[in-house]
Amino acid sequence: MAKIIAVVNQKGGVGKTTTTVNITAALHELGKRVLLCDFDPQANATSGMGVDKSAASPNVYDVLISGAEPARAVVSTKYGDLLPSNKALAGAGIEMIDMENREKLLKGALDVLSPNYDYIFIDCPPSLELLTVNALCAAHTLLVPVQCEYYALEGLSDLLSTIRLVKKGLNPGLALNGVLLTMFDSRTNLSLQVAEEVKRHFPGQVYATVIPRNVRLSEAPSHGTPITAYDPYSRGAEAYQLLAKEMCASEA
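The numbering scheme is per chain: residues are counted from 1 as the chain's sequence reads. In keeping with the predicted nature of the model, local features appear solely for residues at pLDDT of at least 70, side-chain atom pairs appear and are counted solely at 80 or more, and the whole-chain, interface and lining totals rest on all residues. Only hydrogens and water are set aside; all other atoms, that is, all heavy atoms of the structure, feed into the side-chain values.

### Focus: the environment of Pro 232
Quick note on the threshold: Each helix is a run of H or I in the DSSP string that is no shorter than four residues. Each strand is a run of E no shorter than two, and both are numbered from the N terminus. Only protein chains enter the area calculation, which uses a 1.4 Å probe; residues under 20% of their type maximum are buried, those over 50% are exposed, and those in between are partly exposed. Contact criterion: two residues are considered in contact whenever any of their non-hydrogen atoms come within 4.5 Å of each other.
When you line up the elements, Pro 232 lands in the loop between helix H11 (227-230) and helix H12 (235-251). Overall, the relative accessible area of 33% leaves Pro 232 in the partly exposed class. It is 9.8 Å that separates the C-alpha atoms of Pro 232 and Arg 216, two residues lying 16 residues apart in sequence. Leaving out residues up to four positions away in the same chain, Pro 232 has contacts with Ile 227, Ala 237 and Gln 241.

Written out as structure tokens, the structure is:
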């Protein structure tokens, strides 16, 4: 059965999709069976894995709303498997309101797929609404990217409150897998200060690997490839390869 990890932070631009795509690819390179579930209506993770989001059908929306078989929606890529998304998912939160067991629709789909994988990563939307609650109910653990910039911890209290509510009523086993420092620039005092502040807030829960600010990481999505394929010798690729090894070591 897969370990299901939701990559979540309601702030936009913190590296959620970058992390989800690149940790999927890095673990796939290590021989792990990995599925990326794109659960963001922007579908950037879908295109980041080299899949045309406008042509991906059935997709995660069809699975949740129309009852499509989860296995039929999975797309195999060179970088791991993908449960794709598209803009139709934007309206799913409203359509799900009157559905039975609405908070656990994604969990039902991923539980069907789980025996085929070692890891399933969920790329969450940058908000705390029903789609994100579905991801929190489906996940065993959370990976929270935090950018090393001013206001890095702003809004995390809202996220932690939502997590507590989900644990209390819907998914008591949910745990924090780890906090990942992203966009780190060792040349600036700000990055160093933010890193210290995050470690103080989350003692023992911050990954040793930090993701640097790296131009090649920013370029890779426009080519529809993870960084490990676009520039395997870049600092960004090296960082995600180290993160994959750190993640595997923590499971051993």
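### Re the pairing of strand E5 (residues 119-123)
The test is simple: Paired strands are those between which DSSP finds at least two bridges.
Of all five residues that make up E5, five are buried, and the element is covered over most of its length. Bridge count between strand E1 (residues 3-7) and E5: five bridges; the pairing is parallel. Looking at the pairing, Ile 5 lines up with Phe 121 of E5. As paired strands, strand E2 (residues 34-38) and E5 are joined by five bridges and run parallel to one another. Bridge pairing in E5 links Cys 37 to Ile 122.

### Focus on the sheet that holds strand E3 (residues 75-77)
Condition: Angles run from 0 to 180 degrees between N-to-C directions of axes, and those axes are lines fitted to C-alpha atoms, restricted for helices to the stretch in contact.
On the basis of which strands lie adjacent, the open sheet formed by seven strands has the order E3-E4-E2-E5-E1-E6-E7 and mixed pairing. On the outer flanks of this sheet lie E3 and strand E7 (175-182), each paired with one strand and no other. Sheet twist, expressed as the average angle between the axes of neighbouring strands with direction ignored, equals 25°.

### Focus on the nonpolar core
Defined as follows: Residues enter a nonpolar core if they are buried and are Ala, Val, Leu, Ile, Met, Phe, Trp, Tyr or Cys, with the set joined through side-chain atoms within 4.5 Å.
Ranked by size, the top nonpolar core spans 54 residues in total, and within it Phe 39, Leu 106, Leu 110, Ile 122 and Val 198 carry the most contacts. Top contributing element to this core by residue count: helix H7 (residues 130-138), with seven residues. Residue contacts for Leu 106: discarding those within four places in its chain leaves Cys 37, Phe 39, Val 60, Leu 64, Ile 122, Asn 134, Ala 135 and Ala 138. Within the second largest apolar cluster, 22 residues are counted, among which are Ile 23, Ala 220, Tyr 240 and Ala 244.

### Side note on helix H1 (residues 16-29)
Turn by turn, an α-helix covers 3.6 residues, leaving residues three or four places apart pointing in a common direction. Which entries qualify depends on this criterion: By definition here, a helix of n residues has an expected span of 1.5 Å times n minus one.
For H1, spanning 14 residues, the distance from its first C-alpha to its last is 20 Å, which sits close to the expected 20 Å at 1.5 Å a residue. Summarising burial for H1: 10 of the 14 residues are buried, a large majority. Listed in full, the buried residues belonging to H1 are Lys 16, Thr 19, Thr 20, Val 21, Asn 22, Ile 23, Thr 24, Ala 25, Ala 26 and Leu 27. One or two steps after H1, the chain reaches Gly 31, where phi turns positive at roughly 90°.

### Regarding the pattern of salt bridges
Applied cut-off: By salt bridge we mean one thing: a side-chain nitrogen of Lys or Arg within 4 Å of a carboxyl oxygen of Asp or Glu.
One pass over the structure, following the stated rule, counts seven salt bridges. With its nearest N and O atoms 2.3 Å apart, the salt bridge here joins Glu 149 to Arg 213. Here Arg 213 lies in the loop between helix H9 (189-201) and helix H10 (215-219) and Glu 149 lies in the loop between strand E6 (141-147) and helix H8 (156-169), a separation of 64 residues in the sequence. Glu 219 serves as the salt-bridge partner of Arg 216, at 2.7 Å between the closest nitrogen and oxygen. In this pair, Arg 216 and Glu 219 are both assigned in helix H10, three residues apart and thus about one turn of the helix distant. Using a relative accessible area of 27% as the deciding quantity, one classes Glu 219 as partly exposed. Connected through salt bridges with shared partners, the residues Arg 216, Glu 219 and Asp 231 form a single ionic network.

### Section: H12
Its 17 residues give H12 an end-to-end C-alpha distance of 25 Å, which sits within 8% of 24 Å, the value for a rise of 1.5 Å per residue. Gly 236, Ala 237, Ala 239, Tyr 240, Leu 243, Ala 244, Met 247 and Cys 248 are the residues of H12 that are buried.

### Here we look at a nonpolar patch on the surface
Heads up, the rule is: The patches described consist of residues with a relative accessible area above 30% and no salt bridge, like charges being joined within 9 Å and nonpolar side chains (Val, Leu, Ile, Met, Phe, Trp, Tyr) within 5 Å. For the area figures, the Shrake-Rupley method with a 1.4 Å probe applies, and any residue is considered shielded solely by the protein chains shown.
On the surface, a cluster of nonpolar side chains totalling about 360 Å² of accessible area is made up of Tyr 150, Tyr 151 and Leu 190. Examined against the element boundaries, Tyr 151 turns out to sit in the loop between E6 and H8.

### Quick word on the pairing of E7
For the record, the criterion: The handedness of a crossover follows from its direction of travel: if, with the strands pointing away from the viewer, the path from the first strand over the helix to the second runs clockwise, the crossover is right-handed.
Of all eight residues in E7, six are buried, a share of seventy percent or more. As judged from the seven bridges shared by E6 and E7, these two strands associate in the parallel manner. Bridged to Pro 145 within E7 is Leu 180. Crossover handedness for the path E6 to H8 to E7: right-handed.

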